[in-house]
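Structure assessment
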Amino acid sequence: MKPQVLTQISAQLSAKMKISKNSDTLTVDIHGMRVEDARFRLESLISGCNIGITKIIVIHGSNSGHALRDMVRNELTAPRIKSICPVFANDGQTVIILHG
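Remember, predicted model here, so these are calculated numbers, not experimental data. (Residues numbered from 1 in each chain as written. Predicted model: local features only at pLDDT ≥ 70, side-chain atom pairs only at ≥ 80, totals over all residues. Heavy atoms only, no water.)

Should their charged atoms come close, side chains of opposite charge can pair. On inspection of all chains with the given rule, the structure shows 6 salt bridges. The residue D70 makes a salt bridge to R69 at a minimum N-O spacing of 3.0 Å. D70 gets classed as partly exposed once you look at its relative accessible area, which sits at 30%. Classification of R69 by relative accessible area gives buried; the value is 17%. Taking the shortest distance from any N to any O, the salt bridge between D91 and R73 comes out at 3.4 Å. Residue D91 is located in the loop between β4 (81-86) and β5 (93-98), and its partner R73 is located in helix α3 (residues 67-74); the two are separated by 18 residues in the primary sequence. Connected via shared salt-bridge partners are R69, D70, R73 and D91. (Salt bridge = Lys/Arg side-chain N within 4 Å of Asp/Glu carboxyl O. Buried < 20%, exposed > 50% of the residue type's maximum accessible area, 1.4 Å probe, protein only. Helix = DSSP H or I, 4+ residues; strand = E, 2+ residues; numbered from the N terminus.)

Topologically, T94 is positioned in strand β5. Classification of T94 as buried rests on a relative accessible area of 0%. In this structure the side chain of T94 is engaged in a polar contact, spanning 2.7 Å, whose partner is the side chain of H60. (Polar contact = N/O pair within 3.5 Å; in protein donor to acceptor, adjacent residues only side chain to side chain.)

This part covers helix α2 (residues 35-48). Given a rise of 1.5 Å per residue, 14 residues ought to cover 20 Å, and the 20 Å separating the end C-alpha atoms of α2 matches this to within 8%. Restricting attention to buried positions, one finds in α2 the residues A38, R39, R41, L42, E43, L45, I46 and G48. (Expected span 1.5 Å × (residues − 1).)

In C-alpha cells:
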C-alpha cells in the first residue's frame, strides 16, 4: 500500500484510537472504544499498514471489563495476523505479530 494511503487511513482511524509508530512497531490505544468499533478500526489498520510494520502493541486496558481484551485476543481475523500474544507482565496489553 502506498505511504499516502496509509497516512490517510491512519488519520481516519486515529480519530478515536491513539496510534504511535516506532521503527517496525505500531502502538494502538483503544481504551474507551466500543468492541465493534475497535474491531473494525484495528482490522482496517492491520490490513492497510505498510509491509514494514511487523508488530502492533494494542493497549486495551484491564480494569473495566475484558470485552476489548477478549476481542483483540480471540476475534481479530485480518489476513496479515501471524500470531496474537498476551503481554504477561501487563494484562492490559496484547501484541499482534504480522506476516511481513
